[in-house]
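# Architecture and fold: a report
The primary structure of each chain is shown beneath.
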Amino acid sequence: MHDRAEALATVKQVKHHFLKMICFTSLAFTLLLFSTVQASPVDRMAEALRFETVSFQNAEKINYEAFAGFLAFIEQTYPRVFSVLSVERFSDYSLLLTWRGSQPELAPVLLDAHYDVVPIEQGTLQDWLHPPFAGVVADGYLWGRGALDDKMAVITSLEAVERLLAANYTPARTLYFTMVHDEEIGGHQGAAVVANALHERGVKFAYMVGEGGIVLPDNPMLAGKSMALVGLAEKTYITLHLTATGDGGHSSIPPRNNAAVSLARAVTKIHDNPFPVKLVEPVTDMLRVMGPEVGGLSGWLMRNQWLGASPIAHQMARDRTNNALVRSTSAVTMLDSGVKENVVPQQAHAVVNMRLLPGDNVDDVVASVVELIDDANIVVKLDSWGQSPPVADINGEGYARISEAAAQVFPESLIVPGMLTATTDTRHYQIVADEVYRFRAYRVSMSDSRSIHATNERLATDSLLRAIDFTEQLVLAIAKP
Ligand SMILES: [Zn+2]
């Protein structure tokens, strides 16, 4: 019995050793695998999301170490790109990459992207399902600030070019890539500086392709069909600073003229009196292209806008997203007044952010707001980013080449011209590019697209892979003679 027990114990020990050996071997093998097999594009995108390249309005809060870290990361990760393309830095953190074409007589094309991101709004961090800068991949998504806006465009460009270089591809046309660092705070150090430098060198692009423009599988305007929206225009960004003054004093003997109340009245008037609904280019083009697909009476009205413009525009205005396509908009975004509960403030301050349709003039809009407020105690100051570029040509070469690439990678989608309701860096590039298109395609649902600048920004991993394929096709389409 004893012997038998001992023998059993020995067998057990041998078994244990054997298992341990297997464990060690598989661990060593796994480690070897990790060190020799390259990480996937998803891993690299996840890593890109871990750099907290946040653009704060208050420049003192910006952590430039994160920006330097991000640049070091991409340089290390895409060795072919950074050895074959010529690399220039502007304002320390913005990159301009030049990929010389074999036919220098062809006008070059610019692909623009930015890697700075907006901050996490205070008090919303706990609402994120995964931390915004952890680069988590879960449930088929890459989670994090910048997943959609706009590290996706930076990484897909790098992935596509790296892949093409590995295949010994050389473009016929020279391509420029910008990867700038301050788009979210106006682009004055990044895009503006790069564009000026290119302008001074006499560079003139055939056209440029910037951010914005997405593949929407579930836009209610085109039920049951995916649409690839190529941006021909974007809205103009302006901000109004309203300052109300009043008598102030002790709240036990309140004055009639209360700055906080005047200001509240003014912002309420602005909110309650939206800009008129109207159909302008390129939304008119968008509807014309969609009309045959939509069919029925709506489709007919879209194609026959001499009759259909007004009913369609009013129908669109009922939806929050589409509303921004058919009118200039205003949003009261900041309010500030008062220092103590028993002191009536002498001043009150509000910020109203506005987005104007192509064709709406900045000065006219400001004058109309002043007239609407109609209060001599309120001063309105304009802070303008400048008028956005004119509507790009739907018959231009750029639109044709983008459409060609989109048709290859998103064959299920109808290619539709559109307008970006947000504002990007493109206005800085107007001096070097007459035609500005916006399409760095990724497939995203309507609800996920609302996570841009909001909580739980996320990009489906298969969307990333398809966006890389698209960027590769886009480069091939653009770069040929
Ligand atoms: Zn952006």
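Residues numbered from 1 in each chain as written. Predicted model: local features only at pLDDT ≥ 70, side-chain atom pairs only at ≥ 80, totals over all residues.

### Thoughts on the sheet that holds strand E18 (residues 458-460)
The strands making up a sheet associate through hydrogen bonds between their backbones, and the pairing can be parallel or antiparallel. Across the sheet, which stays open at both edges, the 3 strands sit in the order E4-E5-E18 with antiparallel pairing between neighbours. The open sheet has two edge strands with one neighbour each: strand E4 (136-138) and E18. Here the strands of the sheet are splayed against their neighbours by 25° on average, with no regard to which way each runs. On top of the sheet, helix H15 (residues 461-479) reaches E4, strand E5 (141-143) and E18; it is set at about 70° to E18, its chief contact. (Pairing = 2+ DSSP bridges. Helix = DSSP H or I, 4+ residues; strand = E, 2+ residues; numbered from the N terminus. Axes fitted to C-alpha atoms, helices over the stretch in contact; angles between N-to-C directions. Contact = placed C-beta atoms within 7 Å.)

### Comments concerning the domain arrangement of the protein chain
Here the protein chain is partitioned into domain 1 (43-233 + 390-479) and domain 2 (236-384). Computed over C-alpha atoms, the centres of domain 1 and domain 2 are 29 Å apart. If you look at the interface, domain 1 gives 15 residues, while domain 2 gives 16 residues. It is strand E16 (residues 413-420) that contributes the most residues to the side of domain 1 that touches domain 2, 5 residues altogether. Residue classes in the side of domain 1 that touches domain 2 are distributed as 11 nonpolar, 3 polar and 1 charged. (Domains from an automatic or database assignment. Nonpolar A, V, L, I, M, F, W, Y, C, P; charged D, E, K, R; others polar.)

### Topic: the environment of Arg440
Along the chain, Arg440 turns up in the loop between strand E17 (436-438) and helix H14 (446-449). In this structure, the C-alpha to C-alpha distance between Arg440 and Met152, residues 288 residues apart in sequence, is 8.6 Å. Discounting chain neighbours no more than four positions away, the residues touching Arg440 are Ala113, Ala153, Thr156, Glu211 and Gly213.

### Some thoughts on the environment of Ile253
Note that Ile253 resides in the loop between strand E11 (249-250) and helix H7 (259-272). Between the alpha carbons of Ile253 and Val344 there is a distance of 9.4 Å; along the sequence they are 91 residues apart.

### Some thoughts on helix H10 (residues 305-316)
With 12 residues, H10 ought to run about 16 Å at 1.5 Å a step, yet its terminal C-alpha atoms sit only 14 Å apart, falling short of that. Turning to H10, its buried residues are Gly308, Ala309, Ile312, Ala313 and Met316. Buried residues of H10 fall within an arc of 130° about the axis and therefore sit on the same side. Seen from the open side of H10, the exposed residues pointing more than 90 degrees away from its buried face are Leu307, Pro311 and His314. (Expected span 1.5 Å × (residues − 1). Buried ≥ 20, exposed ≤ 12 C-beta atoms within 10 Å, placed from the backbone. Arc of directions from axis to C-beta.)

### Focus: the sheet that holds strand E10 (residues 236-245)
Spatial strand order, E12-E14-E10-E15: 4 strands in an open sheet with antiparallel pairing. Looking along the sheet, the strands with just one partner apiece sit at the ends: strand E12 (329-337) and strand E15 (378-384). Adjacent strand axes in the sheet meet at a mean angle of 20°, parallel and antiparallel pairs treated alike. Taken together, the 10 bridges between E10 and strand E14 (residues 347-356) define a ladder with antiparallel strand orientation.

### Some points on the nonpolar core
Counting 100 residues, the largest nonpolar core has Tyr437 and Ala441 as its most contacted members. Mapped onto the domain boundaries, this core takes at least three residues apiece from domain 1 (43-233 + 390-479) and domain 2 (236-384). When residues no more than four places from it in sequence are discounted, the contact partners of Ala441 are Gly213, Ile214, Val215, Ala228, Ala406, Phe410, Ala467 and Phe470. In this structure, Leu240, Leu263, Ala350 and Val352 belong to the second largest nonpolar core, which totals 20 residues. (Core = buried A, V, L, I, M, F, W, Y, C linked by C-beta atoms within 7 Å.)

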